[in-house]
Amino acid sequence: MQRRRTTDDPHCSLVGQDGRGARYGSLSEEAIEIPQPSNAALDQKSTANVFSDGCTRIDFVLVWETVPWELSRQQESCENRDLQERSATIHRTWRKKFLDKLYAAGIHMEKHMTHVEKKVVHYLLLSVPWSVLCYYAEELQLRVPLQVLPRQTSNWSASVLRRLGIPNLMAQEVPNLPLDYYTCPFKANKLRWFLGSDEQDTFFSTTQRHRILYEILATTQYGHSKEREVGVDRLLSENVFTAAFPLHEARPHPPGSHPATGPAPPASPLPTPRLSPQGPYKLRPEELAASSLSQRQVLFQYWASWGKWSKYQPLDHVRKYFGEKVAFYFAWLGFYTGWLLPAAVVGTVVFIAGIFLMFNDVPSQEICASEEQYWMCPLCKTCPYWQLSKICSTFMVGRLFDHGGTIFFSIFMSLWAVLFLEFWKRTNASLAHHWDCSEFEDIEERPRPQFTAMAPMTIINPITGAEEPYFPKRSRLHRILAGSMVIIMMIAMVVMFVVSVILYRAVVAILLSSSGYFWFVASASRIASITASVVNLIFILILSKIYISLAHFLTKWEMHRTQTKYEDAFTFKVFVFQFVTFYSSPVYIAFFKGKFIGYPGNYLSFLGVRNEECSPGGCFIELAQELLIIMVGKQIINNVQEVAIPKLKCWWHKHKLLSTKKAGEEGESVPVEQAPWVMDHQLLVFEGLFDEYLEMVLQFGFITIFVAACPLAPLFALLNNWVEIRLDAHKFVCDYRRPVAERAQGIGIWFSILEAITHLAVISNAFLIAFTSDFLPRVYYEYVHDSSLHGYVNFTLAYAPWDFVLQSNTTCRYRAFRDRDGNLTLTYWQLLAIRLGFIIVFEHVVFFIGRVIAWLVPDIPESVEVKVKRERYLAKEALAENKVLLERRETRSKASVTDPATGRDWETEQFASS
């Protein structure tokens, strides 16, 4: 049932709005209240991320910067100063309302200030008390452990090697392996039944605490909901806060020592963090014992290190530290890279076979020995006649990619892609169950905070039965259609640019051919093609930045309910655009270039420019060249960017935020020791996984859609991905701030995109072999004329029509199946029928085999189905047998009605200074 939301509707309340009661996104009056843990309990924890009391854990950090009034008056003119003062006043007002609401919600806070050059950096440390944790854990349906499970290895390659008795060089012993549990959603009144419920400090994992506090930050209102003045993300975009992040794990400390400084000093109210010269994640000599490593150190030592490039990824550690969404990305990337190995081996063998065929190819030998036998017609109006023997080397290189092995490799890669996706579905199902997210999208996922604030009505969720914000589907459909029109216009711009690149290629070829320089004349087509590919790549990189910003705006406007649906809609928009931009040039070369050119004396033109012909070596070698430039060039650029740009950004950020020097007792300059929140503030902001997925999925398209033209593409992809895994791991561990752990059920819409690419690859390779490759004309000539292929070159060349010969007084040849009047011959129509028949047979055979494979390989392994049934039974028994109900006591005193936070000055008050 739908109903209109009003301002006094309790179900539309966010954190900090007026009203009480257990409702969507609000804090209940009742909460579980349990005494705070002792210092002795915290001494056992491997973290220095605590308040100055040495006990309260830091769950989140808010950062903002201010400029002292005296300095602002000196730096700016009167007009700019007045404008900045008005902006600063608005920011202070929003910030005060926001922080007051957090304080009223029971969040513990501690503030530090650091003076950096001409500004003051404020660090507000946030911690969630036990009562709030319990409430939001139930609201978010966080899964907590019921029973420890025996660990079962599920790595298929390790199992195969073990059965064959082959040593597994990829295996490694990673310390501090996370335990596996039977879990169920948290219920506060069933608290005693869960494992570890007596340890409040460790009952909820670090990532769960981060998620809870981020939920509070994202739903706290500081202004009018109609103006979207809700949540920390809006405040970050308005520069009210400059950063909001959870902390990376600090170095572990031995039991009995002060969490931040080692042995506890006799009277020290504040911790003085000491930074190792190796950094917070690298190992000191005394930390070589694996049991003493923090999670971040384990990930750096056993995952992000370049020395581990040949080892399995510690995915359970990645999931525990970064969350399921990041873990699924690295699981898919590792799975994809492993499956590239057989594709790379087969592709390399096919390429090597092409080398041997190149030197024994009869048509190549005929062209090289023809000398002045074949004079070819000009490639443009001002181009000269040329000898076919001049393309001897180019034609031989083309045989590396265009031979009988191409058919086999195309079929192999099509079936490889089907198998890859089918087995990934099984792996995804196993990981989703292992990581307790099999039902995340259907049951556990909550509406986005931005959707909650802007939705005009509410509706009962048919699955959970809870009343949730609702946006009419009809209105969303209208917005999606309007956004689609904008996307179509942008794609039309891309097509226009592709046409301009085609015209550029033709014009440059004409200019070079008429330049008079022999080298330019001989290589005109090749130079034009290479420069056009480079121009196309530069255009792709620039236009994609503009389009991504537009896609963000349109996706927000469409009002998608959950974060998963929001990301899927955004991903689809951007991928369609990127697909057109990256693949338009290869598609043109593969399927259109040289197909509609006419014949001498009657050439076809477009916008007054003669349609392009394939280079003398054929379009197949051009397509291979295009793929290598775009695919390999983009990979090299991306890898250089991923190495250099984060380092430069980190250096610049640290340079801006570097603490000032303080003089030592004897006058020497000593750097100020930095707190963990200061060090993490110097790191880069994590901007999501979209770019990482996009790079890999585009690569997947190149190695499947056009694989017939470049058998070495899987090998280049394999080498790139080996580097990519460690580069991405190093960025997450060393260069990025710790992201808020997000839940996910898989790789999202990317899987559907991969399936679409797999189907498109079958069709593309069929047309590529039929119409672009010389394979079918050769087979036809072998069966009809000469099985040794002697005379094949003359068979593929037509004589120029009589009219053209009379005009130029020269007889020339061109590639076509036409008679002396320019009419298509019977051979052309016979070959066309063969080509169309080949396409039909190729597609049906490959699709049929793919369907059989999909039918034979179940999506969910039988072992996972048994585990799911066992877990449901155990959870049902655990919650049914527990009849002990914990009484909830009020956590807010009556004094909270007159909230003391309303009188706080968050800009000047300082609880503790650093």
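All values derive from a computational prediction rather than experimental measurement.

Structural notes on the overall build of the protein chain
1) Next: In terms of regular secondary structure, the protein chain is built from 30 helices and 21 strands.
2) Next: With 914 residues in all, the protein chain has 51% of them scored as buried.
3) Next: The contacts in the protein chain between residues at least 6 apart in sequence include a share of 77% that link residues at least 24 apart.
4) Next: Entry remark: accessible area of the protein chain is about 43300 Å², with carbon and sulfur atoms responsible for 61%.

A word on the state of the cysteines
1) Next: One pass over the structure, following the stated rule, counts 2 disulfides.
2) Next: Residue pairing for Cys-368: its cysteine sulfur links by disulfide to Cys-392, the two sulfurs lying 1.7 Å apart. In this structure the cystine formed by Cys-368 and Cys-392 twists about its S-S bond by roughly 85°; its chirality is therefore right-handed. Linking Cys-368 in helix α12 (residues 362–369) with Cys-392 in helix α13 (residues 392–398), this pair joins segments that are 24 residues apart in sequence.

A closer look at a nonpolar patch on the surface
1) Next: On the surface, a nonpolar cluster with roughly 740 Å² of combined accessible area is contributed by Trp-306, Trp-309, Leu-341, Val-345, Val-349, Leu-719, Trp-722 and Val-723.
2) Next: The set of elements that each furnish at least two residues to the nonpolar patch consists of α11 (324–359) and α24 (713–735).
3) Next: Structurally, Val-345 can be placed in helix α11.

Re the nonpolar core
1) Next: Ranked by size, the top nonpolar core spans 120 residues in total, and within it Phe-322, Trp-332, Tyr-336, Trp-416 and Trp-750 carry the most contacts.
2) Next: Tallying contributions element by element places α11 first for this core, with 18 residues.
3) Next: If sequence neighbours within four positions are ignored, Tyr-336 has contacts with Trp-416, Phe-420, Met-696, Gln-699, Phe-700, Ile-703 and Asn-721.
4) Next: Listed in part, the 39 residues of the second largest apolar core include Met-109, Leu-124, Cys-134 and Ile-216.

Examining the packing of helix α23 (residues 690–705) against α24
1) Next: Interhelical geometry of α23 versus α24 gives an angle of 170° and a closest axis separation of 11 Å. One way to sum up the angle between α23 and α24 is to call them roughly antiparallel. Of the residues in α24, those touching α23 at Glu-692, Glu-695, Met-696, Gln-699 and Ile-703 are Ala-713, Pro-714, Ala-717, Asn-720, Asn-721, Glu-724, Asp-728 and Lys-731.

A short note on the side chain of Glu-558
1) Next: Considering the arrangement of structural elements, one finds Glu-558 in the loop between α19 (524–557) and α20 (563–591).
2) Next: A distance of 2.8 Å separates polar atoms of two side chains, one belonging to Glu-558 and the other to His-560.
3) Next: Apart from residues lying up to four places away in sequence, Glu-558 is in contact with Arg-476, Arg-479, Ile-480, Ala-569 and Lys-573.

Things to note about the environment of Pro-449
1) Next: Relative to the assigned elements, Pro-449 resides in helix α16 (residues 449–454).
2) Next: Take Pro-449: its relative accessible area is 17%, and that puts it in the buried class.

A look at the confidence of the model for the protein chain
1) Next: Looking at the protein chain as a whole, its pLDDT mean stands at 76, while 77% of the residues score no less than 70.
2) Next: By mean pLDDT, the top-scoring element of the protein chain is strand β8 (residues 243–245) (92), and the lowest-scoring one is strand β2 (residues 30–31) (32).
3) Next: In this model residues 3–47 is a low-confidence stretch, pLDDT under 50, and it forms 113 contacts with partners more than four residues away in sequence or in other chains.
4) Next: With pLDDT under 50 throughout, residues 255–278 is counted as low confidence; its partners more than four residues away or in other chains account for 45 contacts.

Overview of unusual backbone geometry
1) Next: With a phi angle near 55°, Asn-176 is a residue other than glycine that sits in the positive phi range.
2) Next: With respect to the helices and strands, the residue Asn-176 is situated in the loop between α5 (156–164) and β7 (180–185).
3) Next: On the basis of relative accessibility, which here comes to 37%, the residue Asn-176 falls in the partly exposed class.
4) Next: Phi is positive for Asn-239, close to 65°, though the residue is something other than glycine.
5) Next: Assignment of secondary structure puts Asn-239 in the loop between α8 (232–237) and β8.

Observations regarding the side chain of Asn-49
1) Next: Along the chain, the position of Asn-49 falls in the loop between α1 (39–43) and β3 (60–66).
2) Next: There is a polar contact of 2.7 Å between the side chain of Asn-49 and the backbone oxygen of His-248.
3) Next: When sequence neighbours within four positions are dropped, the list of residues in contact with Asn-49 reads Thr-56, Arg-57, Ile-58, Leu-247, His-248, Glu-249, Ala-250 and Pro-676.

Considerations on the pattern of salt bridges
1) Next: In the structure shown here, the tally under the stated rule is 14 salt bridges.
2) Next: A salt bridge links Glu-742 to Lys-325; its shortest N-O distance comes to 3.2 Å. Here Glu-742 is found in the loop between α24 and α25 (749–772), whereas its partner Lys-325 is found in helix α11, with 417 residues between them in sequence.
3) Next: Here the salt bridges share partners, and the residues they tie into one network are Arg-319, Glu-324 and Arg-743.

Focus on the sheet that holds strand β5 (residues 119–127)
1) Next: What the 4 strands build is an open sheet, ordered β4-β5-β3-β8; its pairing is antiparallel. Edge positions in the open sheet fall to β4 (108–116) and β8, since each of these has one partner strand only. Taking each pair of neighbouring strands and ignoring which way they run, the sheet shows an average axis angle of 15°.
2) Next: Along the sheet, helix α7 (residues 206–219) makes contact with β3 and β5, crossing β3 at roughly 45°.

Points about the packing of α23 against α25
Two quantities define a packed helix pair, namely the angle between the helix axes and the distance between the axes.
1) Next: α25 packs onto α23 with a crossing angle of 20° between their chain directions and a minimal axis gap of 9 Å. Between α23 and α25, the interaxial angle falls into the category roughly parallel. Our pair here, α23 against α25, has a crossing hand that is right-handed. Facing Phe-690, Tyr-693, Leu-694, Val-697, Phe-700, Gly-701, Thr-704 and Ile-705 of α23, the residues of α25 in contact are Trp-750, Ile-753, Leu-754, Ile-757, Thr-758, Leu-760, Ala-761, Ser-764 and Asn-765.
2) Next: Class assignment of the residues belonging to the contact of α23 with α25 gives a composition of 12 nonpolar, 5 polar and no charged.

Topic: the packing of aromatic side chains
1) Next: For the structure shown, the criterion picks out 56 aromatic pairs.
2) Next: Centre to centre, the rings of Tyr-321 and Phe-322 are 4.8 Å apart; their planes meet at 85°, and the pair counts as edge-to-face.
3) Next: Tyr-321 sits in the buried class, given a relative accessible area of 1%.
4) Next: Their ring planes at 20° and their centres at 5.6 Å tell us that Tyr-693 and Trp-750 sit as a pair that is stacked. Of this pair, Tyr-693 sits in helix α23 while Trp-750 sits in helix α25, placing them 57 residues apart in sequence. Each member of the pair Tyr-693 and Trp-750 is classed as buried.
5) Next: The cationic tip of Arg-813 hangs over the ring face of Tyr-799; the distance from NZ or CZ to the ring centre is 3.8 Å.

Some remarks on α11
1) Next: Between its first and last C-alpha atoms α11 spans 53 Å; for 36 residues at 1.5 Å apiece the expected length is 52 Å, and the two agree.
2) Next: At Leu-341, α11 is bent by approximately 30°, the largest bend along its length, and proline Pro-342 sits one to four residues beyond.

A closer look at the environment of Gln-625
1) Next: When you line up the elements, Gln-625 lands in helix α21 (residues 619–657).
2) Next: For Gln-625 and Ser-529, which are 96 residues apart along the polypeptide, the C-alpha to C-alpha distance reads 9.0 Å.
3) Next: Those residues in contact with Gln-625 that sit more than four places away from it in its chain are Arg-526, Ser-529 and Ile-530.

Conventions and cut-offs
- Residues numbered from 1 in each chain as written.
- Predicted model: local features only at pLDDT ≥ 70, side-chain atom pairs only at ≥ 80, totals over all residues.
- Heavy atoms only, no water.
- Helix = DSSP H or I, 4+ residues; strand = E, 2+ residues; numbered from the N terminus.
- Buried < 20%, exposed > 50% of the residue type's maximum accessible area, 1.4 Å probe, protein only.
- Contact = heavy atoms within 4.5 Å.
- Areas by Shrake-Rupley, 256 points an atom, 1.4 Å probe, with all protein chains shown as cover.
- Disulfide = S-S within 2.5 Å.
- Patch = residues over 30% accessible without salt bridge, like charges linked within 9 Å, V, L, I, M, F, W, Y side chains within 5 Å.
- Salt bridge = Lys/Arg side-chain N within 4 Å of Asp/Glu carboxyl O.
- Core = buried A, V, L, I, M, F, W, Y, C linked by side-chain atoms within 4.5 Å.
- Axes fitted to C-alpha atoms, helices over the stretch in contact; angles between N-to-C directions.
- Parallel < 35°, antiparallel > 145°, perpendicular 65-115°, else oblique.
- Polar contact = N/O pair within 3.5 Å; in protein donor to acceptor, adjacent residues only side chain to side chain.
- pLDDT = per-residue confidence, 0-100.
- Pairing = 2+ DSSP bridges.
- Left-handed = near helix turned anticlockwise from the far one by under 90°.
- Nonpolar A, V, L, I, M, F, W, Y, C, P; charged D, E, K, R; others polar.
- Phe/Tyr/Trp six-rings, centres within 6.5 Å; stacked < 30°, edge-to-face > 60°.
- Lys NZ or Arg CZ within 6 Å of the ring centre and 35° of its normal.
- Expected span 1.5 Å × (residues − 1).
- Bend = angle between axes of the 7 residues up to and from the residue.

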